[in-house]
Amino acid sequence: MKQALLVLAGVLILVLVVAGAGISTYNRLVSLDQAVEQQWAQVENVYQRRLDLVPNLVETVRGAANFERDTFVQVADARTRAAAVTGGGMQAGGGAANATENPAAMEQFQAAQDQLSSALGRLFVVVERYPELSATQNFRDLQAQLEGTENRIAVERMRYNEVAREFNTTRSRFPTTLIADMFGDRFDTKTYFRATGGAERPPAVQF
């Protein structure tokens, strides 16, 4: 009887140790997952900041270059597409809402942002034809804000990749991967933000 009790106690201790390890691993994954989502929200925030600057920038430039209609239309269209995938704008369709775990959604998000970057680049080419515009205080203020926002975008993308890498590394380790797999897509591998087509460079706004 005594030996049986010892065996039972040993089994219970082993079960408690395994359960404790499983709970600890789950909680670690939850923390890392939340860190990724929080950082992704920061990425969206800085992109939203850029979207907010575009209308004022366009109106300022339009006042001095009101016949550059094609350029303004391109910027407006690109902004509309970027707005649709920024700040949860695609949640109903599953776009930006799951970009952190969906490579196709991340690619779509990046493509829309890259198109806006390209359109802004063309807008600043127009500005180069109007030196009197670049000398105005309002334009210089908007230029400085856009430069700061573009730099912030680069920083937040880098930070997002860092926390995504930490999550993916932890998730891939044994036996953590066994725990993660038990919860289906709850702990899917995170998608990295990959610069494409010069997206790592902010639009040229220096004169």
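Rules and cut-offs
- Sequence order as written defines residue numbering, which begins from 1 separately in each chain.
- At least 70 in pLDDT is required for a residue's local features to be given in this predicted model, at least 80 for side-chain atom pairs to be given and counted, and no such filter applies to totals for whole chains, interfaces and linings, which use all residues.
- Where side-chain values are given, they derive from all heavy atoms of the structure, hydrogens and water being excluded.
- Axis lines are fitted to C-alpha atoms, over the contacting stretch for helices. Their N-to-C directions set the angle, which ranges from 0 to 180 degrees.
- Secondary structure follows DSSP: runs of H or I at least 4 residues long count as helices, runs of E at least 2 residues long count as strands, and numbering of each begins at the N terminus.
- Our angle categories are set so that under 35 degrees counts as roughly parallel, over 145 as roughly antiparallel, 65 to 115 as roughly perpendicular, and the remainder as oblique.
- For a crossing to be left-handed, the near helix must be turned anticlockwise from the far one by less than a right angle; the clockwise case is right-handed.
- Residues are treated as being in contact if the distance between any of their heavy atoms lies within 4.5 Å.
- Note on classification: 1.4 Å probe, protein chains only; a residue is buried when its accessible area is under 20% of the maximum for its type, exposed when over 50%, partly exposed between these limits.
- Any pair of nitrogen or oxygen atoms within 3.5 Å is treated as a polar contact; in protein, a donor-acceptor pairing is required on top of that, and neighbouring residues in sequence qualify only through side-chain atoms on both sides.
- pLDDT runs from 0 to 100 and stands for how confident the predictor is about each residue.
- Aromatic rings from Phe, Tyr and Trp, with only the six-membered ring used for Trp, were paired whenever their centres fell within 6.5 Å, and each pair was classed as stacked if the ring planes differed by under 30 degrees, edge-to-face if by over 60, and tilted otherwise.
- Should the NZ of a Lys or the CZ of an Arg lie within 6 Å of a ring centre and within 35 degrees of the ring normal, that charge is described as sitting over the ring.

Asker: Looking at this structure, how should I read the packing of helix α3 (residues 103–127) against helix α5 (residues 137–172)?
Answerer: What describes two packed helices is the angle between their axes and the distance between those same axes. Close contact between α3 and α5 brings their axes to 14 Å; oriented N to C, the two are set at 155°. In terms of axis orientation, α3 runs roughly antiparallel to α5. In this structure, α3 meets α5 at a crossing whose hand is left-handed. Listed contacts from α5 to Met106, Leu120, Phe124 and Val127 of α3 are Phe139, Leu146, Glu150 and Tyr160.

Asker: What exactly am I supposed to notice about unusual backbone geometry here?
Answerer: Here the residue pair phenylalanine 174 and proline 175 is connected by a cis peptide bond, since its omega of 5° sits within 30 degrees of zero. Note that proline 175 resides in the loop between α5 and α6 (176–182).

Asker: Just to check I follow, could you spell out the side chain of arginine 171 for this structure?
Answerer: Here arginine 171 is to be found in helix α5. Given a relative accessible area of 10%, arginine 171 falls into the buried group. A distance of 2.8 Å separates the side chain of arginine 171 from the side chain of aspartate 181, its partner in a polar contact. There is a polar contact of 2.4 Å between the side chain of arginine 171 and the backbone oxygen of phenylalanine 187.

Asker: Would you mind going over the confidence of the model for the protein with me for this structure?
Answerer: On average, residues of the protein score 83 in pLDDT, and 84% of them are at 70 or above. When mean pLDDT is compared element by element in the protein, α5 scores highest at 93, while helix α4 (residues 131–134) scores lowest at 80. Across residues 198–207, where pLDDT falls below 50, the model places 22 contacts with residues more than four positions away in sequence or in other chains.

Asker: Whenever I open this one, the packing of aromatic side chains confuses me. Can you help?
Answerer: Given two aromatic rings, one states the distance between the centres and the angle between the planes to describe the pair. Taken as a whole and judged by the stated rule, the model has 8 aromatic pairs. Grouped by ring-pair contacts, the aromatic residues Trp40, Tyr47, Phe109, Tyr160 and Phe193 constitute a single cluster. The ring of phenylalanine 167 has lysine 190 sitting right over it, with the charged end atom 4.9 Å from the ring centre.

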